[in-house]
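Now for the letters of each chain:
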Amino acid sequence: SFIGLLIASLGFYFIKEPSSNREDTIVHPFFSFIKSIPSIIKNDSTFKYFIIVENLSSFSIMILPFYIIFSGEILNFPDSYIGVFLIVQISGTIFSNIIWGFVAKYFNAKTIVRFCVILGALNPIIAILTSLFAPALYIIVFFILGFTISGRRIGFEPYLLDITPQSKRIEYLGIRGSLNVFKIILPLVGAFFIESFGYYFTFIVVSIVMSIAAVLVSFVKNTQVNHSA
């Protein structure tokens with residue numbers, strides 16, 4: 001892994017980045033910028049819905065580690081299957097990159113995000129159905145997980161760049177990074193829900209939340225928004 005990542009990092013030295021047009025901007029004090037964040041979100045409904053969708057979509061990541069625990073506690077898969085699940089997940093990630101590349105070429109980043117969120121809504125239901133009627137097919141859950149994780153990485157950041165004006169991208173990236181907090185706290189929430197209400201209830205809740213996120217994607221426009229300096 002170390003050697004592979006080292007070789008990959010050297011590739012950055014061969015990437016030639018085109019220069020962007022710089023605009024004269026007024027540098028505001030840090031706390032003044034912090035105070036402006038609520039108004040930025042309020043005045044840009046597209047950006048607001050993007051933050052909501054990305055946070056809600058974190059529910060699909062929340063239950064990621066619990067799929068493996070579920071396979072052992074409920075389906076009685078031996079521990080040796082953990083390696084099989086991970087291989088299937090990685091296979092899904094590799095295969096999905098081809099699919100997402102096709103979607104990005106002929107559609108846009110919004111389409112990737114939409115499909116990624118829909119898969120995140122379907123996967124908990126697939127986990128429930130396979131566990132009840134065809135446990136041998138439970139492995140499909142991890143293949144779809146590979147698609148979902150890859151889709152999040154490939155879709156959300158380009159989508160954000162599509163909806164933000166070039167002069168505001170640094171600010172928007174910073175705000176997005178600070179407000180994308182659900183992926184940090186949700187694993188604890190997921191553990192509480194599973195401990196209190198069980199796997200099936202938690203899976204259904206995740207599916208409902210992801211379905212809401214899929215609907216809200218429609219409120220995030222493709223075109224860049226215009227702001228005054």
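A complete count under the given rule lists 28 aromatic pairs for this structure. Their ring planes at 85° and their centres at 6.1 Å tell us that F192 and F193 sit as a pair that is edge-to-face. Centre to centre, the rings of F193 and F197 are 5.5 Å apart; their planes meet at 50°, and the pair counts as tilted. Placement of the pair is F193 and F197 together in helix α10 (residues 182-197), with a separation of 4 residues, close to one helical turn. Look at F197 and you get partly exposed, because its relative accessible area is 47%. Among the aromatic side chains, those forming a connected cluster through ring pairs are Y67, F70, F77, Y81, F85, Y138, F142, Y199, Y200 and F203. Over the aromatic face of Y49 sits the side chain of K48, whose NZ or CZ is 5.4 Å from the ring centroid.

Turning our eyes to something else, we now look at the packing of helix α5 (residues 64-73) against helix α8 (residues 140-163). When two helices pack together, their arrangement is given by the angle between the helix axes and by the axis-to-axis distance. Relative to each other, α5 and α8 sit at 175°, their axes nearing to 11 Å. The orientation of α5 relative to α8 falls into the category roughly antiparallel. Between α5 and α8, the residues in contact are L64, Y67 and I68 and V141, F142, L145 and I149, respectively. Residues of the contact of α5 with α8, tallied by class, amount to 7 nonpolar, no polar and no charged.

Attention now goes to the nonpolar core. One finds F59, Y67, Y138, F142, Y159 and F203 to be the most contacted residues of the largest nonpolar core, which totals 46 residues. Top contributing element to this core by residue count: helix α11 (residues 199-216), with 8 residues. Excluding residues that lie within four positions of it along the chain, Y138 makes contacts with Y67, F70, S71, L75, F77, F85, A127 and T130.

For the rest of this paragraph, the subject is the side chain of S207. Along the chain, the position of S207 falls in helix α11. S207 sits in the buried class, given a relative accessible area of 9%. In contact with S207, not counting residues within four places along its chain, are A121, P124 and I125.

Okay, a nonpolar patch on the surface next. A surface patch of nonpolar side chains, amounting to about 830 Å² of accessible area, comprises I74, I125, L129, L132, F133, Y200, I204, I208 and I212. Contributions of two or more residues to the nonpolar patch are made by α7 (109-133) and α11. Looking at where F133 falls in the secondary structure, it is placed in helix α7. Look at F133 and you get exposed, because its relative accessible area is 67%.

A separate point is the confidence of the model for the protein chain. Per-residue confidence for the protein chain gives a mean pLDDT of 87, with 93% of residues at or over 70. Counted against residues more than four places away or in other chains, residues 224-229, with its pLDDT under 50, gives 14 contacts.

Located in the positive-phi region is N76, a residue other than glycine, with phi close to 60°. Note that N76 resides in the loop between α5 and α6 (81-106).

Conventions used here
Residues numbered from 1 in each chain as written. Predicted model: local features only at pLDDT ≥ 70, side-chain atom pairs only at ≥ 80, totals over all residues. Heavy atoms only, no water. Phe/Tyr/Trp six-rings, centres within 6.5 Å; stacked < 30°, edge-to-face > 60°. Helix = DSSP H or I, 4+ residues; strand = E, 2+ residues; numbered from the N terminus. Buried < 20%, exposed > 50% of the residue type's maximum accessible area, 1.4 Å probe, protein only. Lys NZ or Arg CZ within 6 Å of the ring centre and 35° of its normal. Axes fitted to C-alpha atoms, helices over the stretch in contact; angles between N-to-C directions. Parallel < 35°, antiparallel > 145°, perpendicular 65-115°, else oblique. Contact = heavy atoms within 4.5 Å. Nonpolar A, V, L, I, M, F, W, Y, C, P; charged D, E, K, R; others polar. Core = buried A, V, L, I, M, F, W, Y, C linked by side-chain atoms within 4.5 Å. Patch = residues over 30% accessible without salt bridge, like charges linked within 9 Å, V, L, I, M, F, W, Y side chains within 5 Å. Areas by Shrake-Rupley, 256 points an atom, 1.4 Å probe, with all protein chains shown as cover. Salt bridge = Lys/Arg side-chain N within 4 Å of Asp/Glu carboxyl O. pLDDT = per-residue confidence, 0-100.

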